[in-house]
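Fold and geometry: a report
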Amino acid sequence: GAFAFSDLNILIIRAVAKGNDGVLKKALSYSLKWNIPYLFVASGVSIYYYLNANTPLTIAFAVIALLTPLTTSYNVYGSFLNGKKDFRLISISNAISGTISAVGTFFLIIYTQDPVLIAGGYIITNLATSAFYYYYTIKKYKPDDSYEEDSLAMGKHFSLMNAFTIVANNI
């Protein structure tokens, strides 16, 4: 995740606060694009475990590779709501999302001891709630497709600079 568009959330809040609501839809595509390295790294880890005959970790990292970038990208709705100062909806969505994820994971732990199902269930519930609230936000605020290119452009530079810091810290 070091190469993810780390400053995207700040830029979304800033753009929306300036009345640039169209940034929400563009932010989703930016986030998906910037999560491609994450997809490749997690897929590489999955392939590594496949070659070492570790099926549970192969499946787990394949699910992580496919679903985590989507979840991260759909979560841009929170920054949009923050820019709109809709703290009530942010609180409600966080509470409901956390509850669904916790309850789903709890039942998976009780009814199965399979770590792949438990991790997959957790990731899928997070994806489902993130996607739901992203589309709910679009329906509620009806942002247009126009946006200022500069509203997201400067974040590319900051994210690239931040990537080196994250890699260095993890090394």
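The rules behind the values
Residues numbered from 1 in each chain as written. Predicted model: local features only at pLDDT ≥ 70, side-chain atom pairs only at ≥ 80, totals over all residues. Heavy atoms only, no water. Core = buried A, V, L, I, M, F, W, Y, C linked by side-chain atoms within 4.5 Å. Buried < 20%, exposed > 50% of the residue type's maximum accessible area, 1.4 Å probe, protein only. Helix = DSSP H or I, 4+ residues; strand = E, 2+ residues; numbered from the N terminus. Salt bridge = Lys/Arg side-chain N within 4 Å of Asp/Glu carboxyl O.

Details of the nonpolar core
One finds I12, L24, Y74, V76, F80, L81 and Y134 to be the most contacted residues of the largest nonpolar core, which totals 22 residues. Those elements that provide at least two residues to this core are α1 (8-17), α2 (23-34), α4 (55-74), α5 (76-84), α6 (87-111) and α7 (115-141). The dominant element in this core, judged by the number of residues it contributes, is α7, at six residues.

Topic: the pattern of salt bridges
Taken as a whole, this structure holds two salt bridges when the rule is applied. Linking D21 and K84 is a salt bridge whose minimum nitrogen-to-oxygen distance equals 2.7 Å. Taken as a pair, D21 in the loop between α1 and α2 and K84 in helix α5 lie far apart in primary sequence, 63 residues in all. Judged by its relative accessible area of 16%, D21 is buried. What makes K84 partly exposed here is its relative accessible area of 29%. K140 is paired through a salt bridge with D86; the nearest N and O atoms lie 2.9 Å apart. Of the two residues, K140 sits in helix α7 while D86 sits in the loop between α5 and α6, which places them 54 residues apart along the sequence.

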